[in-house]
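Each chain, letter by letter, is given below.
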Amino acid sequence: LTLNVKSGNGNHQISVTATTSTNEDERKAILTVKGVTKSERILIKQDGTPTNLTLNTTSLTFDALGATKVIELSGDATWTASASEEWVKLDQLHGTGTYPLQVTCDDNTTMASRSADVTIRTRRDTYVCTIVQAAGQLPQVNGIQALSIGRYEVSVTAKFSSDFPVTEYGFCYSEDHQMPTTVDSKIKVTTQSDGTFTTTISGLDSHKTYYIRAYAVNKVGTNYSSVLEVTTEGGVPDNGDNQKPNI
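Residues numbered from 1 in each chain as written. Predicted model: local features only at pLDDT ≥ 70, side-chain atom pairs only at ≥ 80, totals over all residues. Heavy atoms only, no water.

Colleague: How do you make sense of the pairing of strand β6 (residues 59-62) when you look at a structure like this?
Modeller: Each regular strand shows side chains that alternate between the opposite faces of the sheet. Residues Leu60 and Phe62 of β6 are buried on one face, while the alternating residues Ser59 and Thr61, pointing to the opposite face, are not. Both β6 and strand β13 (residues 126-133) contribute to a ladder of four bridges, which runs parallel. Bridging across to β13, Phe62 finds its partner in Gln133. (Buried < 20%, exposed > 50% of the residue type's maximum accessible area, 1.4 Å probe, protein only. Helix = DSSP H or I, 4+ residues; strand = E, 2+ residues; numbered from the N terminus. Pairing = 2+ DSSP bridges.)

Below you can see the structure in the form of structure tokens.
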């Protein structure tokens, strides 16, 4: 601030001149006028420099598989950023002016969609961008079929697909349970081609019915194919049916 006069007698007009503010914040000063028997304090306020900020979007949608997207901030205002949920990460929590704010979502390993808010605040305004992430999905397992059925073994094939990496896959089977799970007998398979996997289940009894399901595991959980019902071949017994007869 500058004053046109700093002293005088009697009635007088004092001109107060403020320099241009280069800051967003309001600033204040006190002008004190002293007389012989009395003094006055005058509060002087100056508004901050007008600034602005705009966002290119008010919502972002993510698949269950974690990824990074950008909120484009444009303008010259000083800002802060925060996320309402821990599964949303921001690459910058404060800044000034234009910036590509990177928003990263963790994998959603639950079977429910979820949402969060990214809040951008300036000294004058608040902006909210809503984040929506799709539910995680179990692996899809299908196409189970028998390639061959013998007296003591069955060759089977199936196919899986998954958004998340599949960490285990194979076949489970039972004589008693019509909907077998991995708690029953199972065979892990370690090779696949574009999700298709094949194995031979051996050590079976002849002329018995077995229930078989393919399974696959990802971050979300375990899923199964439909049930394949097979009956091993029977006929005239041979030494494979009873190698150690109880005589």
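On we go.
Colleague: Help me understand the pairing of strand β18 (residues 196-201), please; the structure alone is not making it clear to me.
Modeller: The side-chain alternation of β18 yields one buried face, formed by Phe197, Thr199 and Ile201, and one unburied face, formed by Thr196, Thr198 and Thr200. As paired elements, strand β15 (residues 154-161) and β18 share six bridges and run antiparallel to each other. Along β18, the bridge assignment pairs Ser155 with Thr200.

Colleague: What am I meant to see in a nonpolar patch on the surface here?
Modeller: A contiguous nonpolar patch, built from Leu1, Leu3, Ile14, Val16, Val33 and Ile42 and spanning about 440 Å² of accessible area, is present on the exposed surface. Here Val16 shows up in strand β2 (residues 16-17). On the basis of relative accessibility, which here comes to 36%, the residue Val16 falls in the partly exposed class. (Patch = residues over 30% accessible without salt bridge, like charges linked within 9 Å, V, L, I, M, F, W, Y side chains within 5 Å. Areas by Shrake-Rupley, 256 points an atom, 1.4 Å probe, with all protein chains shown as cover. Salt bridge = Lys/Arg side-chain N within 4 Å of Asp/Glu carboxyl O.)

Colleague: It is not clear to me how the environment of Ser148 should be interpreted in this structure. Could you clarify?
Modeller: Along the polypeptide, Ser148 turns up in strand β14 (residues 140-149). Setting aside chain neighbours within four positions, we find Ser148 in contact with Glu153, Val154 and Ser155. (Contact = heavy atoms within 4.5 Å.)

Colleague: Honestly, the sheet that holds β15 in this entry has me stumped. Any pointers?
Modeller: For sheets, the rule is that strands pair by backbone hydrogen bonds, running either parallel or antiparallel. Across the sheet, which stays open at both edges, the three strands sit in the order β14-β15-β18 with antiparallel pairing between neighbours. Only two strands of the sheet have a single neighbouring strand rather than two, namely β14 and β18. Taking each pair of neighbouring strands and ignoring which way they run, the sheet shows an average axis angle of 20°. Both β14 and β15 contribute to a ladder of seven bridges, which runs antiparallel. The residue bridging Val141 from the neighbouring strand is Phe160, located in β15. (Axes fitted to C-alpha atoms, helices over the stretch in contact; angles between N-to-C directions.)

Colleague: So what exactly am I meant to see when it comes to unusual backbone geometry here?
Modeller: Positive phi, close to 55°, is recorded for Asp194, a residue that is not glycine. Locating Asp194 in the fold gives a position in the loop between β17 (185-188) and β18. Exposure remark for Asp194: the relative accessible area of 70% places this residue in the exposed category. Despite not being glycine, His207 shows a phi value in the positive range, around 55°. Examined against the element boundaries, His207 turns out to sit in the loop between β18 and β19 (209-217).

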